[in-house]
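Chain residues, written in single-letter form:
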Amino acid sequence: MSVPGAPTAKEKKYDRQLRLWGAGGQEALETAHILLINATAAGSETLKNLVLPGVGQFTIVDQAVVTDEDLGTNFFLDDSSIGLSRAQKACELLCELNPEVQGHFIKDTIENIVKSSPEKLKDFTTVIATGDVCTDTLLSLDAILYPLGIPIFVVKCVGFTMSCRLALAEHPIVETHPASTVDLRLFNPFPELSALVDEKTAFINDQEKMTTHEHGHLPYVLILLQTLNEWKSTHDNQPPSNYSQKNEFKSLLRSKMWNADEENFEEAIAAVLPHFNPPSIPSETRAIFQDEKCTSLTKESTQFWVIARAIKEFSEKNDGLLPLPGALPDMKAESKDYIRLQNIYKSKARADLAAVVGIVRDLLKGLGRDGGEIAESEVETFCKHAGYAKLIRGRSLNEEYEKSPKAQVISNELSDPTSLIHYYLGLRAYEAFISEQSNAQRTAPGAEDSTVDADTEKLKKHVTELLDKLSITYSSELLEGTEKAIGEIVRAGGGELHNISSLTGGVVAQEVIKVITKQYIPMNNTVLFDGISSRTTVYQL
Amino acid sequence: MATTTVLTTESPDRWKYLNNILTRRGPYSDETFEPGDEPKAFLADLKIFGAGGLGCEILKNLALSGFKDIHVIDMDTIDISNLNRQFLFREADVGKSKAEVAAAFVMKRVRGVKITPFNCAIQDKDDEYYKQFKIVVCGLDSVEARRWINATLVNLVGEETLIPLIDGGTEGFKGQARVILPTISCCYECTLDMLTPRAAVPLCTLASIPRQPAHCIEWASVIQWPKEKGDLKIDMDDPEHVTWLYTKALGRAKEFNIPGVTYAMTQGVIKNIIPAIASTNAIVAASCCSEALKIATTASPYLDNYMMYTGDESVYTYTFQHEKKDDCPVCGNLPQALTVDPESTLEELMEKLQERPETTLKKPSLRTSAKSLYLQAPKQLEEQTRPNLEKQLKELMEEGDELSISDPGMPFNLRFIISFSS
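Residues numbered from 1 in each chain as written. Chains lettered and ligands numbered in written order. Predicted model: local features only at pLDDT ≥ 70, side-chain atom pairs only at ≥ 80, totals over all residues. Heavy atoms only, no water.

This part covers empty space enclosed by the protein. Residues and elements named next belong to chain A. Taken as a whole and judged by the stated rule, the model has five cavities of 30 Å³ or more. Put simply, the largest cavity is a space of about 120 Å³. Looking at the largest cavity, the residues that line it are Leu 138, Val 154, Lys 156, Ser 163, Arg 165, Leu 397, Glu 400, Tyr 401, Tyr 424, Leu 427, Arg 428 and Thr 526. Within the residue set of the lining of the largest cavity, elements represented by two or more residues are strand E5 (152-158), strand E6 (161-167), helix H18 (397-403) and helix H20 (421-435). Taken together, the residues that form the lining of the largest cavity break down as six nonpolar, two polar and four charged. Of the domains in this structure, domain 1 (9-172 + 498-539) and domain 4 (397-492) are the two that each give at least three residues to the lining of the largest cavity. (1 Å grid on protein atoms, 1.4 Å probe; cavity = no way out; pocket = protein on both sides within 12 Å on 5 of 7 lines; lining within 4 Å. Points joined across faces, edges and corners; volume = space filled by probe spheres on them. Helix = DSSP H or I, 4+ residues; strand = E, 2+ residues; numbered from the N terminus. Nonpolar A, V, L, I, M, F, W, Y, C, P; charged D, E, K, R; others polar. Domains from an automatic or database assignment.)

Right, dumping it as structure tokens:
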């Protein structure tokens, strides 16, 4: 049976996610290629959550062979895998999840790849490092990938603790998915809107010339605009500005009701607080406008910056207003009146869009580029989200570790024993513990019962070395929280708990999807989770 | 390395990492926690129950947490739209029982675990059945099923029995996990007012002044379908039915110049589709099962009692203790206050009740202590009480009366003390 508009097989399978990120997001996902370093439980779970929604390709780099311990935490290995390549077996079992996804594996260590064939890394969309990777290798990866704009996730999952660090150079987001993009232009109506107000509300106070039905079906936007005109005529042409004036305005609205159950007036009253805000460009949008990449376009400027610049110029020519998004919420009204009002907003949005498209074309030509290289649909999406766009400028691992560590962020948290920064310090110590051992026979802190005490002391030493390096002063009681965090980390003996790995896989996959689709807002730049108290905190490190 | 005998029917190394947690005390472990063989033995013997849309994740997680005796109930069969997240199912499984396919898969993958599947509704099992479990983990997708299992476990509380309910749910990039200790901490019913009330579209909007594509779709399903198809029930999963509704809605939209009716939106509106992705399901199910492991072994403190996860804007969790309500109809003992308009009719009151999450019921029957106001069954009593629907409330009750509402889907009554609005 073929009905126009009926979903394809693929749309049926992906229906529940297409409702979140649409065809554009799906397309981005399907052309992505993820590199996973080490098929740990957390790494495999992350891939599971990316293979299911249909990521294009993934590659697993791992030299390990599957052990019995792996089977106790990783669902994507089975009894027949023992003794075989972990990269290969995890790849096979993950590929079963979705025939549309291509999986690859490399039986090698990331250390070797970074040293001998770093050019291989440039083909990936996103890199996820899990398991025990030493600091030098992480920093080398970062030095290769960060300048190329390839996001790196560094994921650590030990016992009840996890951390995920995202190194993301520049990440502009247009489709941030705000709860609403409605802008009713109440304080600065455009001429077509004002004309409709005059036409429809001329007899709002005249029971002779307007029927009760008509009065009860006036769209609330028109009621608000008419009442605002009335208000302004007695208030120096100013709209209500403070809370008490807004309440006074609500009373004025109420006095215009002809009977107690006029829902449209109730809607108008309810809209006063959320919609009576003086027009202003939100700070995130302003930051984009003021960014050097926006103020000085070049031949290489990306689409985002060209459109951002065009919208900036548009707003400068239009009293600081952004292009109208054009959305109108539902409201009590006759069908034809609502549709007419909706069309007035939509026409204005289309006119604004046309103006911005014109500026985009001129900008491109001025740069010596093809005026048509940016599709109108891209400009339209940006115009609809102009007040909600966001730019994330992350920090590289090299900045965090060497060039400009955020010592202040850490020292501010140190005295709070419940802060998750203690787990950050504990996991950094864990990494240092791993990094000082040779590649071949690494053991984790607390791997054997007999080493628990000695390893605990070693981790403490690593923490104090790190704090000294960052010139953070501390007293022994300041480190109480850190000692407990170290206690939990050593207790796990370097092992993953499946639940925490699975949760980690969910958190990381969400972030990867947000980064790849350039929709929604990824965290910036480190999230810690404590599975004991079930809390997360995001730090900018 | 700690040696184990209980958890390991396989190799002694298989559960090494889990055993690290069970054989070593952590800095946050409760004083009563005795590291060693006891928590492991307890884990292996404990019967645990899982159900719901998060079932795949829950079964995998429980099996890899060392639980050995797991029951699962799911009345659904596998649909193509499940495959983007319910990872134990393949295209060839479409149409088969979810519980059975999932149980077989996990038992094959994780050696030594026994999973007993039931292809039925959770409401089909009685108190005796639920009594056998030490913990219940649910990722159910309806409010109704959650209220039912919650009330059932609260009712089971006795000298020997207290079954913790661990509940999770997701929507898009957001989710929540919570631990309910029946009668001790806040229960599901205590927090029903956190749900956003349904924004019901008035019938007159659907019938005469549609403005939104959703109005056209609801008109097709609520008004046009019964008019043209009579008693035939809409099957949301029958593509012919959906296509019929879509075509009708499209025609209606054209008549009123309303843009935006699509097939996907038609499905979304009539099935009340909630976006769902693998990653969020993973987060919430893992959080629930981690709590189950902590409660079963006391290896670490458990969640007290609510965690909300929000992933659409950075990563944000809100972990807090939700308070138990004294007037909770399930776990409290006091009736709630209800203000009604004495001039309105009983039928209007029943419509109003449907707008509040805590009184949204399928077939509510209403009584005061003095008389039956409206009973849905049996037939004679329904007919006998039907005339009351037209009557004004002031004829039927007085201020201070206790109004009791029951529903065949709910194993408890809602109790209200009536006051009149002036």
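Next comes the rest of the account.
Residues and elements named next belong to chain A. Taking 1.5 Å as the rise per residue, helix H15 (residues 303-317) with 15 residues should run 21 Å; its terminal C-alpha atoms sit 21 Å apart, in good agreement. Along H15, 12 of the 15 residues are buried, which leaves the element largely enclosed by surrounding structure. Taken residue by residue, H15 has Phe 304, Trp 305, Val 306, Ile 307, Ala 308, Arg 309, Ala 310, Ile 311, Lys 312, Glu 313, Phe 314 and Ser 315 as its buried positions. Where H15 is buried, its residues touch strand E7 (170-173), helix H13 (283-290), helix H14 (292-295), helix H16 (335-366), helix H17 (376-384) and strand E8 (390-393). Where H15 ends, the next residue or the one after it, Asp 319, has phi of about 50 degrees, a positive value. (Expected span 1.5 Å × (residues − 1). Buried < 20%, exposed > 50% of the residue type's maximum accessible area, 1.4 Å probe, protein only. Contact = heavy atoms within 4.5 Å.)

Here we take up the layout of surface pockets. A probe matching the size of a water molecule, rolled over the atoms, marks out where space remains unfilled. If you add up the space inside the second largest pocket, you get close to 1200 Å³. In this structure, the second largest pocket is lined by 46 residues; those nearest its centre are Ala 64, Arg 86, Gly 131, Asp 132 and Arg 442 of chain A. Breaking the lining of the second largest pocket down by element, the ones donating at least two residues are helix H3 (41-51), helix H4 (68-71), helix H6 (110-116), E5 and H20 of chain A together with helix H1 (16-23) of chain B. Ranked by residues supplied to the lining of the second largest pocket, first place goes to E5 of chain A with five residues. Residue classes in the lining of the second largest pocket are distributed as 20 nonpolar, 13 polar and 13 charged. Split by domain, the residues of the lining of the second largest pocket number at least three in each of domain 1 (9-172 + 498-539) and domain 4 (397-492) of chain A.

What follows concerns the sheet that holds strand E4 (residues 135-139) of chain B. All names here are of chain B. Taken in spatial order, the eight strands make up an open sheet running E3-E2-E1-E4-E5-E6-E7-E8, and their pairing is mixed. The open sheet terminates on both sides in strands that have one partner only, identified here as strand E3 (114-118) and strand E8 (316-320). In this sheet, neighbouring strand axes are inclined to one another by 15 degrees on average, regardless of whether the strands run parallel or antiparallel. The sheet contact formed by strand E7 (residues 306-310) and E8 spans five bridges and is antiparallel. Residue pairing for E8: Tyr 309 is matched across the bridge by Thr 317. Of the strands in this sheet, strand E1 (47-52), E4, strand E5 (165-171), strand E6 (174-180) and E7 are in contact with helix H11 (residues 278-297), which crosses E5 at around 170 degrees. (Pairing = 2+ DSSP bridges. Axes fitted to C-alpha atoms, helices over the stretch in contact; angles between N-to-C directions.)

This part takes up the environment of Asp 362 of chain A. Here Asp 362 of chain A shows up in helix H16. Through-space distance from the C-alpha of Asp 362 of chain A to that of Ala 310 of chain A is 9.1 Å; in sequence the pair is 52 residues apart.

On to the domain arrangement of chain B. Residue and element names in this part refer to chain B. For chain B, the assigned domains read domain 1 (16-195 + 275-320), domain 2 (203-270) and domain 3 (336-420). Here the C-alpha centroids of domain 1 and domain 3 sit 36 Å apart. The partner domain 3 presents 10 residues to the nine residues of domain 1 that form the contact. For domain 1, the biggest contributors to the area lost against domain 3 are Glu 144, Arg 147 and Trp 148; these three give 54% of the whole. Taken together, domain 1 and domain 3 are joined by one salt bridge. Here Lys 362 makes a salt bridge to Glu 144, at a shortest N to O gap of 3.2 Å. Remark: the boundary between domain 1 and domain 3 carries three residue pairs in polar contact (both at pLDDT 80 or more). (Buried area = accessible area lost by both parts, 1.4 Å probe. Salt bridge = Lys/Arg side-chain N within 4 Å of Asp/Glu carboxyl O. Polar contact = N/O pair within 3.5 Å; in protein donor to acceptor, adjacent residues only side chain to side chain.)

Our focus in this paragraph is the pairing of E6 of chain B. Residues and elements named next belong to chain B. For E6, a buried count of five out of seven residues is recorded, marking the element as mostly surrounded by other parts of the structure. In this sheet, E6 lies alongside E5 in antiparallel orientation, the contact comprising seven bridges. What sits directly across from Gly 169, in E6, is Gln 176. Taking the residues between adjacent antiparallel strands as the criterion, E5 and E6 are bridged by two residues, where Gly 172 takes a positive phi near 60 degrees. As judged from the five bridges shared by E6 and E7, these two strands associate in the antiparallel manner. Bridging across to E7, Gln 176 finds its partner in Met 308.

Tallying the contact residues gives 89 residues for chain B and 91 residues for chain A. Taken together, the two surfaces of chain B and chain A that pack against each other cover about 7400 Å², and 57% of this comes from carbon and sulfur. Per-residue buried area on chain B facing chain A is highest for Arg 24, Arg 109 and Arg 211 of chain B; these three make up 11% of the total on that side. Applying the counting criterion to the chain B and chain A interface returns eight salt bridges. Two residues, Arg 14 of chain B and Asp 68 of chain A, come together in a salt bridge whose shortest N-O distance is 2.9 Å. Only H1, helix H3 (55-63), helix H4 (98-109), helix H9 (239-255), helix H10 (263-271), H11, E7 and E8 of chain B provide two or more residues apiece to the side of chain B that touches chain A. Per-element accounting of the side of chain B that touches chain A gives the leading share, 12 residues, to H11 of chain B. Classifying every residue of the side of chain B that touches chain A gives 45 nonpolar, 25 polar and 19 charged.

So, about the UniProt feature "coiled-coil region" (unreviewed entry) in chain B. What UniProt calls "coiled-coil region" (unreviewed entry) maps, in this numbering, to residues 379-406 of chain B. Helix makes up 39% of residues 379-406 of chain B and strand 18%, and the two end C-alpha atoms of the span are 16 Å apart. (UniProt positions renumbered as here; feature names shortened; annotations may be inferred.)

All names here are of chain B. You can see Thr 205 is positioned in helix H7 (residues 203-207). What makes Thr 205 buried here is its relative accessible area of 2%. Excluding residues that lie within four positions of it along the chain, Thr 205 makes contacts with Pro 210, Arg 211 and His 215.

Residue and element names in this part refer to chain A. It is the contact of H20 with helix H22 (residues 480-492), at a shortest axis distance of 8 Å, that shows an interaxial angle of 50 degrees. With respect to H22, the axis of H20 lies oblique. Where H20 crosses over H22, the two elements pack in a sense that is right-handed. Between H20 and H22, the contacting residues are His 422, Tyr 423, Leu 425, Gly 426, Leu 427 and Tyr 430 on the first element and Gly 481, Thr 482, Ala 485, Ile 486, Glu 488 and Ile 489 on the second. Tallied by class, residues from the contact of H20 with H22 come to seven nonpolar, four polar and one charged. (Parallel < 35°, antiparallel > 145°, perpendicular 65-115°, else oblique. Left-handed = near helix turned anticlockwise from the far one by under 90°.)

A separate point is the packing of aromatic side chains. Following the criterion strictly, the structure yields 23 aromatic pairs over all chains and no others. Ring geometry for Phe 49 of chain B against Phe 133 of chain B: centres 5.4 Å apart, planes inclined by 50 degrees, an arrangement best described as tilted. One end of the pair, Phe 49 of chain B, is in strand E1; the other, Phe 133 of chain B, is in the loop between helix H5 (127-131) and E4, and 84 residues separate them in sequence. Both residues of the pair, Phe 49 of chain B and Phe 133 of chain B, count as buried. Ring geometry for Tyr 129 of chain B versus Tyr 130 of chain B: centroids 5.1 Å apart, planes at 85 degrees, classification edge-to-face. Summarising the burial analysis for this pair, Tyr 129 of chain B and Tyr 130 of chain B share the class buried. An aromatic cluster is defined as three or more aromatic residues linked by ring pairs; in this entry it consists of Phe 49, Phe 118, Tyr 129, Tyr 130, Phe 133 and Trp 148 of chain B. If you follow Arg 428 of chain A out to its NZ or CZ, it ends over the ring of Tyr 401 of chain A, 3.8 Å from the centre. (Phe/Tyr/Trp six-rings, centres within 6.5 Å; stacked < 30°, edge-to-face > 60°. Lys NZ or Arg CZ within 6 Å of the ring centre and 35° of its normal.)

Leaving glycine out, the prevailing phi sign among residues is negative, and the prevailing peptide bond configuration is trans. The step from Asp 304 of chain B to Asn 305 of chain B runs through a cis peptide bond, and the omega angle for that step is 0 degrees. Assignment of secondary structure puts Asn 305 of chain B in the loop between H11 and E7. Note that the residue after Ala 377 of chain B, namely Pro 378 of chain B, is joined by a cis bond; omega there is -5 degrees. Even without glycine at this site, Asn 38 of chain A takes up a positive phi of about 75 degrees. In this fold, Asn 38 of chain A is placed in the loop between strand E1 (33-37) and H3. Take Asn 38 of chain A: its relative accessible area is 15%, and that puts it in the buried class. We note that Tyr 520 of chain A has phi near 60 degrees; this positive angle belongs to a residue other than glycine. Examined against the element boundaries, Tyr 520 of chain A turns out to sit in the loop between helix H23 (498-517) and strand E9 (526-530).

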